Amino acid sequence: MSYATEPTPGRRNEDHVVAGPGWAVVLDGATPRPGVDGGCSHGPGWLVRRLGGALAARLAAEDERPLPDLLAEAIASVADLHADRCDLSNGDSPSATVAMLRWDGTAERAAEWLVLADSPVLLDRADGTAQGGAVEVVRDDRIDHLPAYTHEAVRRARNSPGGFWVASTRPEAAYEALHGRARGVRRAALLSDGAARLVERFGLLDWPGLLDLLDRDGPQELIRRTRAAERERRVEGRRGKLFDDATAVFVDLRTAPGPGDGAA
């Protein structure tokens, strides 16, 4: 496993990554709009670091409960840290996306994944339907289908049925995440949306190409190329920031014995 994370040039990183033997988590804090009062004295950087720590403690303890249960408990525990001095009912409370992966390293090469909001997980599966396998993209795109993107429209849609869900102050958001299990995983990646821009924003790679780049040259090279594209290929009229925090984790499970590799 390897990873890299880099902030928007000149700003503090609001992405966060935690990882251990058999698991990894990428969190992407939502930058608040200027002048918006979220009812909280803490920012997204504080939230992702506390939430990352809460998740790491549970995953490192080999807690075998499903990932949504661990995330719901972690959200609740972080909310408890500031419930006495912040307005957790405020719809603009600090929030974050979540991408989680847990794998067992056995011959089945099994993995469990969770995606909440737009931080995708990529899975290169030996049992894919395409010849030689397929890259499965797990991406929660509900935020891309809102009827409007004014502040009030996004605020109403956040953590509400028919809208989109993020990790903030409501533990039930964990159960609105995309969640599943897969076997035969050879390679995997977890990305903040800032590290997915070569595919999603600039169209310079497809998902298999991005995974191959991570495999061949590593996460830092992916971020380097993303920064170059942000500087050289400014997309006029596109929603979103010119630069973004970028985090990428690459996991190689091909060293684990798989079916047909002579495993007992």
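Quick notes on the rules
- Residues numbered from 1 in each chain as written.
- Predicted model: local features only at pLDDT ≥ 70, side-chain atom pairs only at ≥ 80, totals over all residues.
- Heavy atoms only, no water.
- pLDDT = per-residue confidence, 0-100.
- Contact = heavy atoms within 4.5 Å.
- Pairing = 2+ DSSP bridges.
- Helix = DSSP H or I, 4+ residues; strand = E, 2+ residues; numbered from the N terminus.
- Axes fitted to C-alpha atoms, helices over the stretch in contact; angles between N-to-C directions.
- Core = buried A, V, L, I, M, F, W, Y, C linked by side-chain atoms within 4.5 Å.
- Buried < 20%, exposed > 50% of the residue type's maximum accessible area, 1.4 Å probe, protein only.

Details of the confidence of the model for the protein chain
So, step 1. For the protein chain, the mean per-residue pLDDT works out to 90, and 91% of the residues sit at or above 70.
So, step 2. A low-confidence stretch, residues 258–264 (pLDDT under 50), is modelled with 8 contacts involving residues beyond four sequence positions or located in other chains.

So, the sheet that holds strand S1 (residues 2–6)
So, step 1. Spatial strand order, S1-S10-S9-S6-S7: 5 strands in an open sheet with antiparallel pairing. The sheet is open, and its two borders are formed by S1 and strand S7 (134–138), each paired with just one other strand. Taking the axes of each pair of neighbouring strands and ignoring which way they run, one obtains an average angle of 10° across the sheet.
So, step 2. With 5 bridges joining them, strand S6 (residues 121–125) and strand S9 (residues 185–191) adopt antiparallel strand pairing. Counterpart to Arg-125 in the pairing with S9 is Val-185.
So, step 3. The strands touched by helix H5 (residues 207–217) are S6, S7, S9 and strand S10 (246–252); relative to S9, the strand with the most contacts, the crossing angle is about 95°.
So, step 4. Helix-sheet contacts for helix H6 (residues 219–232) involve S1, S9 and S10, and the interaxial angle to S1 is about 30°.

So, the nonpolar core
So, step 1. Core analysis: the biggest nonpolar cluster contains 29 residues, and Val-25, Leu-71, Val-98 and Met-100 have the highest contact counts within it.
So, step 2. Those elements that place two or more of their residues in this core are strand S3 (23–29), helix H1 (44–60), helix H2 (67–82), strand S4 (96–103) and strand S5 (111–116).
So, step 3. Per-element tally for this core: the top contributor is H1, with 8 residues.
So, step 4. Residue contacts for Val-25: discarding those within four places in its chain leaves His-16, Val-17, Val-18, Leu-55, Leu-59, Val-98, Ala-99, Met-100 and Leu-190.
So, step 5. Leu-191, Ala-195, Leu-198 and Trp-207 belong to the second-largest nonpolar core, a separate cluster that totals 20 residues.

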